[in-house]
Amino acid sequence: MSIKNELRGELVNAMKAGDRGRRDAIRSVEAEIQTRRTAPGFSGTGEDDDFYQQVIAGYVKKMRKAASEYADLGERGREMSEKLAFEADYLSRWLPAHLDEEQSRKLVAETVALLGVEGQPRAQGRVMGHIMTAHRQEVDGSLISRLVSEELATG
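Conventions and cut-offs
- Residues numbered from 1 in each chain as written.
- Predicted model: local features only at pLDDT ≥ 70, side-chain atom pairs only at ≥ 80, totals over all residues.
- Heavy atoms only, no water.
- Helix = DSSP H or I, 4+ residues; strand = E, 2+ residues; numbered from the N terminus.
- Expected span 1.5 Å × (residues − 1).
- Buried < 20%, exposed > 50% of the residue type's maximum accessible area, 1.4 Å probe, protein only.
- Arc of directions from axis to C-beta.
- Contact = heavy atoms within 4.5 Å.
- Polar contact = N/O pair within 3.5 Å; in protein donor to acceptor, adjacent residues only side chain to side chain.
- Salt bridge = Lys/Arg side-chain N within 4 Å of Asp/Glu carboxyl O.

Q: What exactly am I supposed to notice about helix α4 (residues 78–91) here?
A: Turn by turn, an α-helix covers 3.6 residues, leaving residues three or four places apart pointing in a common direction. Counted at 1.5 Å a residue, the expected span for α4 with its 14 residues is 20 Å, and the 20 Å between its end C-alpha atoms agrees. Where α4 is concerned, the buried positions are S81, L84, E87, A88, Y90 and L91.

Q: I keep staring at helix α5 (residues 101–115) and nothing clicks. Help me out?
A: Given a rise of 1.5 Å per residue, 15 residues ought to cover 21 Å, and the 21 Å separating the end C-alpha atoms of α5 matches this to within 8%. Residues S104, L107, V108, T111, V112 and L115 constitute the buried set of α5. Projected onto a plane normal to the axis of α5, the buried residues spread over an arc of 130° and lie on a single side. The exposed residues of α5 that point more than 90 degrees off its buried face are E102, K106 and L114. Where α5 is buried, its residues meet α6 (124–135) and α7 (141–154). With a side-chain oxygen positioned 3.2 Å from the backbone nitrogen of E102, the residue opening α5 is D100. Directly after α5, the chain includes G116, whose backbone phi takes a positive value near 65°.

Q: Please explain the pattern of salt bridges as it appears in this structure.
A: It is possible for side chains of opposite charge to pair when their charged atoms get near one another. Going through the model one piece at a time under the given rule, you end up with 16 salt bridges. Between D24 and R23 there is a salt bridge, with its nearest N and O atoms 2.9 Å apart. Taking the shortest distance from any N to any O, the salt bridge between R146 and E150 comes out at 3.0 Å. With a gap of four residues between them, R146 and E150 both fall in helix α7, about one helical turn apart. For R146, a relative accessible area of 36% translates into the label partly exposed. Residues joined in a network through salt bridges with shared partners are E10, D19, R22 and R93.

Given below as structure tokens:
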């Protein structure tokens, strides 16, 4: 079943169950999808799973960042932080699984060795480009960025 159809079924289910959290998360993603489809320069139908995964990944990233910022507000931002964290966690089920930190660290070390840039902090962009080109769907970009910085600083 396509992600689009799964989302539609989940929305109906959430509405029947009175589950506002799931309903709101799905509606927010649908709004993001519509915005992306109507953006200038968009080509294609926007119906395939890759498109949906890209939109969901972008939305999840924004919600995780916003949840963190609300959490920094303490008690005042707790409720919104929890709502956004729920949305990000719920929607992540439609995203491909990422390598964990240990696997990502190994990938970074192998790439640094392959490119021969040990101890060269200025090579971060080159290492990042190489990893993201080959493994974009498998890795968390922010984690990889941090690990590349650490690896090049210690190399």
